[in-house]
Amino acid sequence: MKSNETGRSMIEMLGVLAIVGVLSIGGITGYSKAMTKFKTNKLREQLNTISTNLMSTFINERSYASLGASNEEGTAMAKYLNIIPDDMILSNGTVVHAFGGPLYVKAISYNGKQYSAFSITCEGLPKEASVVLSIDNNNLQDGSIMHLKLAQPSE
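Conventions used here
- Residues numbered from 1 in each chain as written.
- Predicted model: local features only at pLDDT ≥ 70, side-chain atom pairs only at ≥ 80, totals over all residues.
- Heavy atoms only, no water.
- Salt bridge = Lys/Arg side-chain N within 4 Å of Asp/Glu carboxyl O.
- Helix = DSSP H or I, 4+ residues; strand = E, 2+ residues; numbered from the N terminus.
- Buried < 20%, exposed > 50% of the residue type's maximum accessible area, 1.4 Å probe, protein only.
- Core = buried A, V, L, I, M, F, W, Y, C linked by side-chain atoms within 4.5 Å.
- Contact = heavy atoms within 4.5 Å.
- Pairing = 2+ DSSP bridges.
- Expected span 1.5 Å × (residues − 1).
- pLDDT = per-residue confidence, 0-100.

Some remarks on the pattern of salt bridges
Thought 1: The tally for this structure, following the rule as stated, stands at two salt bridges.
Thought 2: Here Asp87 and Lys42 are joined by a salt bridge, their closest N and O atoms 3.6 Å apart. One end of the pair, Asp87, is in the loop between helix H2 (71-80) and strand E1 (103-110); the other, Lys42, is in helix H1 (residues 10-57), with 45 residues separating them in the sequence.
Thought 3: Since its relative accessible area comes to 25%, Lys42 is described here as partly exposed.
Thought 4: Connected through salt bridges with shared partners, the residues Lys42, Glu45 and Asp87 form a single ionic network.

A few points about the nonpolar core
Thought 1: Ranked by size, the top nonpolar core spans 20 residues in total, and within it Ile50, Leu54, Leu67, Ile84, Leu103 and Val105 carry the most contacts.
Thought 2: In terms of residues, this core owes the most to one element, H1, which gives four residues.
Thought 3: Excluding its chain neighbours within four sequence positions, the residues that come into contact with Leu103 are Leu47, Ile50, Thr75, Met88, Val95, Val96, His97, Ile120, Thr121 and Cys122.

Regarding the pairing of strand E2 (residues 113-122)
Thought 1: Here seven bridges tie E1 to E2, and the two strands are oriented antiparallel to one another. Bridging from a neighbouring strand, Ile108 pairs with Ala117 of E2.
Thought 2: The antiparallel pairing of E1 with E2 creates a hairpin that spans two residues between the two strands, and Asn111 there sits at a positive phi of about 55 degrees.

A few points about H1
For the α-helix, the turn length of 3.6 residues means that residues three or four positions removed from each other point alike.
Thought 1: Spanning 48 residues, H1 covers 69 Å between terminal C-alpha atoms, matching the ideal 70 Å at 1.5 Å per step.
Thought 2: When H1 is considered as a whole, its buried residues turn out to be Thr40, Leu43, Gln46, Leu47, Ile50, Ser51 and Leu54.

Some details on the side chain of Gln46
Thought 1: As for its placement among the helices and strands, Gln46 is situated in helix H1.
Thought 2: Look at Gln46 and you get buried, because its relative accessible area is 7%.
Thought 3: Those residues in contact with Gln46 that sit more than four places away from it in its chain are Met88, His97 and Ala98.

Observations regarding the environment of Leu54
Thought 1: Here Leu54 shows up in helix H1.
Thought 2: Under the relative-accessibility criterion, Leu54 is labelled buried at 0%.
Thought 3: Separated by 13 residues in sequence, Leu54 and Leu67 have C-alpha atoms that sit 9.2 Å apart.
Thought 4: Once residues within four sequence positions are removed from consideration, Leu54 is found in contact with Tyr64, Leu67, Ile83, Val105, Phe118 and Ile120.

With respect to the confidence of the model for the protein
Thought 1: Residues at a pLDDT of 70 or more form 79% of the protein, whose mean pLDDT is 80.
Thought 2: Model confidence for the protein, summarised as mean pLDDT per element, is weakest for strand E4 (residues 145-151) at 47 and strongest for H2 at 94.
Thought 3: In this model residues 132-141 is a low-confidence stretch, pLDDT under 50, and it forms 20 contacts with partners more than four residues away in sequence or in other chains.
Thought 4: Per-residue pLDDT stays below 50 along residues 145-150; that stretch engages in 25 contacts with residues further than four places along the chain or on separate chains.

In structure tokens, the structure reads:
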């Protein structure tokens, strides 16, 4: 007797669909992790750019007082002075970071000196991204930010 098979059975098709489904879930998870890593690196770049721009803009001043002490005032002045990159400013004037949350800049007091430092606040960061600013007072007399790194918690 000859068997005349010209197609695939339903069980074979279900097996293929199951394999495709499992691979798709793995791909989506990998894509999600890759996007988080990309956005984390982008945020690190944005914060480094803003910090560098702030320090170079105010290099001859002894304080950041003209930046402003409130989030709104400081961010508006930072936009006016072109400290914040244009790609971070939305059409309505809101400043957002790589993860899409609001970003604020303002002058703050440090070591008892009024407005001797600045603050960059990022709201809406996922728990996978945390910002660590370290100050090296041994090398920089004014306590400027020496290192800026974005750390991800170890898994």
